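# Working through the structure, step by step
Here is how the chains run, residue by residue.
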Amino acid sequence: QFFIDITPDMVNAERCSIFVFNPESDTLWLYCGTDLQERQIQVPRQSSMAGHALSSGHYQVVSDLEEKAGIHEIVDNATGFTTCNTLSVPIFNGANDQAIGVLQILNKRGAHRFSNEDIALMQRLSGEVSRYVESIFKHQEVAEILVKIKKRIKSLENSLAREGIQKRLDQEMIASITPQKTE
C-alpha cells in the first residue's frame, strides 16, 4: 500500500494499481490500488492493457482512452473513475524470466504524456515490488493446488463410499439367495 500511496505523486498521475496474474483463470486481479479494495477489479489477460504488458513483457502506454472502447470502460463504470491514459509495466519474478503481475499508473495530470523518465522510474519501482508480488503469486499457486487436492480427495471419498455401498448390497443379495441351514 505504501507504493500505491506515493507513486501517483512521483509521476504526477491520479492513480496507481498493482495486479497479480492468475494463470489458472488467465486473468489479472487487483492486489491493491488507489481508492480500491483487493480483488475489486479482475481483467482478462488477452484483452486488457495490463494483460498486454504482462504478455509482451514490455511497458505499454495507452492514451486517449476516453475515445476508445475496451475493458477499461467496464472497470470505469464499476469504479466510478474515468481512465484517460495508462502506463502499464510488467512485474517479473525473482529470476526475471516470467511476468507475474503489472504495475499500472492511470491518468497523467495535465495535457502531458508519460515521459521516458516516468517509464524508467516505474520500471525500477516494479523491480522493488516484485518480491511482494512474487510471494502473493506463489501463495496463489499453492492455494490452487490445495483446492485441486481437496477436490480429488472428495472424489476418492465418494468413489470409496459408492464401492462400500455396492459391496454391502452384493453381500445382502448373496445372503438372501443362499439357503439357510435349519436344524
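Refer to the structure presented above.
Residues numbered from 1 in each chain as written. Predicted model: local features only at pLDDT ≥ 70, side-chain atom pairs only at ≥ 80, totals over all residues. Heavy atoms only, no water.

## Some points on the nonpolar core
The condition that has to hold: For the purposes of this section, nonpolar cores are sets of buried Ala, Val, Leu, Ile, Met, Phe, Trp, Tyr and Cys residues that join through side-chain atoms within 4.5 Å. In this scheme, a residue with accessible area under 20% of its type's maximum is buried, one over 50% is exposed, and one in between is partly exposed, where area comes from a 1.4 Å probe on protein chains only. Helix and strand assignments come from DSSP, with helices taken as H or I runs of at least 4 residues and strands as E runs of at least 2, each series counted from the N terminus. Residue contacts follow a heavy-atom distance rule, with two residues in contact if any of their heavy atoms lie within 4.5 Å.
By size, the foremost hydrophobic cluster in this structure holds 22 residues, and its most contacted members are Ile18, Leu87, Leu103, Ile105 and Met122. If you list the elements that add at least two residues to this core, you get helix 1 (2-11), strand 1 (13-22), strand 2 (27-33), strand 5 (86-92), strand 6 (99-108) and helix 4 (116-177). Sorting elements by how many residues they give to this core places helix 4 first, with seven residues. Apart from residues lying up to four places away in sequence, isoleucine 18 is in contact with Ile4, Trp29, Leu30, Tyr31, Cys32, Ile91, Val102, Leu103, Val129 and Val133.

## A few points about the side chain of asparagine 93
Under the convention used in this document: Any pair of N or O atoms that falls within 3.5 Å is considered a polar contact. Within protein, one atom must be able to donate a hydrogen and the other to accept it, and sequence-neighbouring residues count only if both atoms are side-chain atoms.
Mapped onto the elements of the fold, asparagine 93 is located in the loop between strand 5 and strand 6. Looking at asparagine 93, the relative accessible area reads 11%, which means it is buried. A polar contact of 2.8 Å, which involves the side chain of asparagine 93, links it to the side chain of aspartate 97. When neighbours within four sequence positions are excluded, asparagine 93 is seen to be in contact with Gln98, Ile100 and Glu134.

## Quick notes on helix 1
Spelled out, the test is: An arc is given here, and it is the one of the directions from the helix axis to the C-beta atoms.
The set of residues buried in helix 1 consists of Ile4, Thr7, Pro8 and Val11. When helix 1 is viewed along its axis, its buried side chains cluster within an angular range of 95 degrees and face the same direction. For helix 1, the exposed residues set more than 90 degrees away from the buried face come down to Phe2 and Asp9. Asparagine 12, located one to two residues past helix 1, shows a positive phi value of around 55 degrees.

## A short note on the sheet that holds strand 1
By way of backbone hydrogen bonds, the strands of a sheet pair with one another, either parallel or antiparallel. What counts here: Two strands make a pair as long as DSSP finds a minimum of two bridges between them. Fitted lines through C-alpha atoms serve as axes, helices being fitted only where they are in contact, and the angles separating the N-to-C directions of these axes extend from 0 to 180 degrees.
Reading across the sheet, the six strands line up as 3-2-1-6-5-4 and stay open at both edges, with antiparallel pairing between neighbours. Two strands bound the open sheet, and with one partner strand each, they are strand 3 (42-44) and strand 4 (60-62). Pairs of neighbouring strands in the sheet enclose a mean axial angle of 25 degrees, with direction left out of account. Each of strand 1, strand 2, strand 4, strand 5 and strand 6 touches helix 2 (residues 49-56); the most contacted strand, strand 6, lies at about 135 degrees to it.

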